[in-house]
There are 2 protein chains.
Amino acid sequence: MNKIRIGIVGYGNLGRGVQYAAEQNEDLEVVAVFTRRDPATVEPILPVKVERMDALSDYVGKIDVMILCGGSATDLPRQSVEVVRLFNTVDSFDTHAHIPEYYDRLNAAAKEAGHVGAMSIGWDPGLFSLARIYFDSALAEGSTYTFWGKGVSQGHSDAIRRVHGVKDARQYTVPVEEALRRVRAGEEPELTTREKHTRECYVVAEESADLARIEHDIKTMPDYFADYDTTVHFISEEELLRDHAGIPHGGFVLRSGKSAAGNRFLMEFSLKLDSNPEFTSSVLVAYARAVGRLANEGKAGAFTAFDIAPKYLSPLSEEEQRRQLL
Amino acid sequence: MNKIRIGIVGYGNLGRGVQYAAEQNEDLEVVAVFTRRDPATVEPILPVKVERMDALSDYVGKIDVMILCGGSATDLPRQSVEVVRLFNTVDSFDTHAHIPEYYDRLNAAAKEAGHVGAMSIGWDPGLFSLARIYFDSALAEGSTYTFWGKGVSQGHSDAIRRVHGVKDARQYTVPVEEALRRVRAGEEPELTTREKHTRECYVVAEESADLARIEHDIKTMPDYFADYDTTVHFISEEELLRDHAGIPHGGFVLRSGKSAAGNRFLMEFSLKLDSNPEFTSSVLVAYARAVGRLANEGKAGAFTAFDIAPKYLSPLSEEEQRRQLL
């Protein structure tokens, strides 16, 4: 069997997760990791060649699929179109509002280069998007809901850290049980932002900081917290490291609806993840397999999870898939 | 917009469900229903032309996709290969053990005719198969479980009806809560048949029948009940009609596993359906849309849910899909 040769671009939580995930898949092989740091300073979690970012072009012909593990804010919009000129790519671009323009740019660059660029892969966007499209298609009349959590939101944790007097913080997004209950009961409720999620903040304050003012600043922060029921817990740095070191996440996609005869249906997909980046990586790796196969078929352009038939993801042959999974 | 023109072959619960489901999709149109009965005796649930089975060939060029609504035991193995010579088809063939040979026969006939035949569509096989392939692919190390119910098993109800002294019966398959709890807790247990499901039977006995003997005959029936914890409730015909008239079903697909770093993940997909045939029909109709589109692209052959990219199922344009669902 020819293994699919993988490169990892960016070696943070996600990049390390890709290395872990590739280890679990016999048909995939990580050839090299590319980093902006000095490679001599990078200690890989498993043995692998560590290269400078500008060595990428030396690997043309030696790597089949590059998995881009940078951030959606600044890294991916620039990186994806550059790397796809040289390699097939997979990325986890997750800024929902910019997906259409990102798709158009990636699609143009990938088609020009004759490569496949799989974008917005992971769990949301990714597996949750798949749940939404299958659910909505399988049941034309109904209401679809996405709930996130309980899990750590990196963006909200960062927002708290920018509050004056805050030393460190961890923010959990928590789905409201009562809202989930109503959806599952088939009520098809219209839910406000506040009714769907609460926000729990664990904050380490600087010594002698004004805790009441910090709590007020967090709870009234527009976009991030003002529209939610937010609770703020002040804890010690030691407690934060001890009790909140993980990056768990998860969530629910539900669709509730009915047939034209009035019979009700409920579809539900949920994830419970001890490590958000390691699960995202595990999905990225499955799509790297798909991208390798699509490229072998001569396909080119940008692909989302919607554009890729499930058979491409599985290490099983199509016959084994029908026999074992159908 | 050119509507996709649908024909319904077989007009039982499933065929009627297809008519209901098509009604909810603006881009689909039911042109005719084909039945083995005398069309004059068939009262459609919504106005539609009712035709004899042997009028099928008159509709070549007038129907884009035939949805085959016969049974898997005898109807579909014969019908599918015949009808696919004239039309694109969708069916719900669900005899898991015979899927490989069914695929091969359908694939050969469909390729020869230049048509698309989508097979084993519904929820299991169908949406549950999709959960299995996506879950297994997204997480290489773990254990996958399928639970069915609570729901009516037609096959088991029929088996009870064949017991001497039984007038009517309804059998519910029920997942064992403790097994579900252990899977969700990440134990990855090895579960026996008995540990996964129980069977609840509601039985109307003939007058003066020997109830103890009936109960014994049911509980010891090989394949159907002997390997399960089975409970038998004797009720009146009136109670059966009043409390057990529906055909609800549902179930769960779960995958529990971990990353190479040891972090645990749980994926869960579940369905709760007031009407098993009406939900199956609703899925068939979405795949009829996909089949219409694949045929327009010039594709031919047998397709399972694994072979069809999700984008084909949705009534939205690909751009709308990315904007609204990704």
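Let me sum up the structure you'll find in this document. (Residues numbered from 1 in each chain as written. Chains lettered and ligands numbered in written order. Predicted model: local features only at pLDDT ≥ 70, side-chain atom pairs only at ≥ 80, totals over all residues. Heavy atoms only, no water.)

**Topic: the interface of chain A and chain B**
For the record, the criterion: Contact definition: two residues touch when any of their heavy atoms are within 4.5 Å. When a carboxyl oxygen of Asp or Glu is within 4 Å of a side-chain nitrogen of Lys or Arg, the pair counts as a salt bridge. Pairs of N or O atoms are called polar contacts if they sit within 3.5 Å, as long as, within protein, a hydrogen donor faces a hydrogen acceptor (for residues adjacent in sequence, only side-chain-to-side-chain pairs). Working definition: helices are DSSP H or I runs of at least four residues, strands are E runs of at least two. Numbering for both runs from the N terminus. Gly is put with the polar residues, along with every residue not named as nonpolar or charged; the nonpolar set is Ala, Val, Leu, Ile, Met, Phe, Trp, Tyr, Cys and Pro, and the charged set is Asp, Glu, Lys and Arg. Here, strands pair whenever DSSP counts at least two bridges between them.
Facing the 62 residues of chain A at the interface are 62 residues of chain B. At the boundary of chain A with chain B, the tally comes to zero salt bridges. Counting across the interface, chain A meets chain B through 26 residue pairs in polar contact (both at pLDDT 80 or more). Going through the elements one at a time, helix H3 (99-113), helix H4 (127-138), strand E13 (264-273), helix H10 (276-296) and helix H11 (318-324) of chain A are the ones with two or more residues in the side of chain A that touches chain B. Looking at the side of chain A that touches chain B, its residues break down into 33 nonpolar, 14 polar and 15 charged. Examined bridge by bridge, E13(A) and strand E13 (residues 264-273) of chain B share nine bridges and lie antiparallel to one another. Considered in E13(B), the bridge of A:Glu268 is made with B:Ser270.

**Describing the relation of the copies chain A and chain B**
Both copies of the chain are related by a screw-like operation: a rotation about an axis and a shift along it. Just so we agree on the cut-off: The atoms used to superpose the copies are C-alpha atoms, taken from residues with pLDDT of at least 70 in both, and the fit is least squares.
At an RMSD of 0.0 Å, chain A and chain B line up after a rotation of 180 degrees and a shift of 0.0 Å along the axis. As the rotation angle and translation indicate, the two copies are arranged about a two-fold axis. Rotation axis and chain A: the residue whose C-alpha lies nearest the axis is A:Ala309, separated from it by 1.9 Å.

**A few points about the packing of H4(A) against helix H10 (residues 276-296) of chain B**
Put simply, the rule reads: Think of each axis as a best-fit line through the C-alpha atoms, taken over the contacting stretch in the case of a helix, with angles from 0 to 180 degrees between the N-to-C directions. The scheme is simple: roughly parallel for angles under 35 degrees, roughly antiparallel for over 145, roughly perpendicular for 65 to 115, oblique for anything else.
At their nearest, the axes of H4(A) and H10(B) sit 8 Å apart, and the two run at 105 degrees to each other. Viewed along their axes, H4(A) and H10(B) adopt a mutual orientation that is roughly perpendicular. Contacts from A:Tyr134, A:Ser137 and A:Ala138 of H4(A) reach H10(B) at B:Ser282, B:Val283, B:Ala286 and B:Tyr287. Looking at side-chain class alone, the contact of H4(A) with H10(B) contains five nonpolar, two polar and no charged residues.

**Section: the packing of aromatic side chains**
Rules: Centres within 6.5 Å make a pair out of two Phe, Tyr or Trp rings, where for Trp the six-membered ring is used; the pair is then stacked when the planes are under 30 degrees apart, edge-to-face when over 60, and tilted otherwise. Accessibility here uses a 1.4 Å probe with only protein chains present; expressed as a share of the type maximum, an area under 20% marks a residue as buried, one over 50% as exposed, and anything in between as partly exposed.
The full count for this structure, using the stated rule, is 15 aromatic pairs over all chains. Between A:Phe269 and B:Phe135 the ring centres are 5.7 Å apart and the planes differ by 25 degrees, which places this aromatic pair in the stacked class. On the criterion of chain membership, the pair formed by A:Phe269 in strand E13 and B:Phe135 in helix H4 (residues 127-138) is interchain, its members lying in two chains. Per residue, the accessibility class of A:Phe269 equals that of B:Phe135, and both read buried. Seen from their ring centres, B:Tyr172 and B:Tyr202 are 5.7 Å apart, and the 85 degrees between their planes marks the pair as edge-to-face. Of this pair, B:Tyr172 sits in strand E9 (residues 166-175) while B:Tyr202 sits in strand E10 (residues 197-205), placing them 30 residues apart in sequence. Accessibility assignment for this pair places B:Tyr172 and B:Tyr202 in one class, buried.

**Structural notes on helix H6 (residues 177-184) of chain A**
All names here are of chain A. The following threshold applies: Note that the arc is defined by the directions from the helix axis to the C-beta atoms.
Looking at H6, one finds that the buried residues are Ala179, Leu180 and Val183. One side of H6 holds all its buried residues, which, seen down the axis, span an arc of 100 degrees. In this fold, the buried residues of H6 make contact with strand E7 (142-148), strand E9 (166-175), helix H7 (193-196), strand E12 (249-258) and E13. In the segment just after H6, Gly186 is the residue with positive phi, at about 85 degrees.

**Description of the sheet that holds strand E11 (residues 229-234) of chain A**
All names here are of chain A. Taken in spatial order, the four strands of this open sheet run E8-E9-E10-E11, and their pairing is mixed. Bordering the open sheet on either side are strand E8 (151-152) and E11, each of which pairs with just one other strand. Taken together, the six bridges between strand E10 (residues 197-205) and E11 define a ladder with parallel strand orientation. If you follow Cys201 over to E11, its bridge partner there is Val232. Helix H5 (residues 154-161) contacts E8, E9 and E10 of the sheet and is inclined by roughly 145 degrees relative to E9. Each of E9, E10 and E11 touches helix H8 (residues 211-219); the most contacted strand, E11, lies at about 150 degrees to it.

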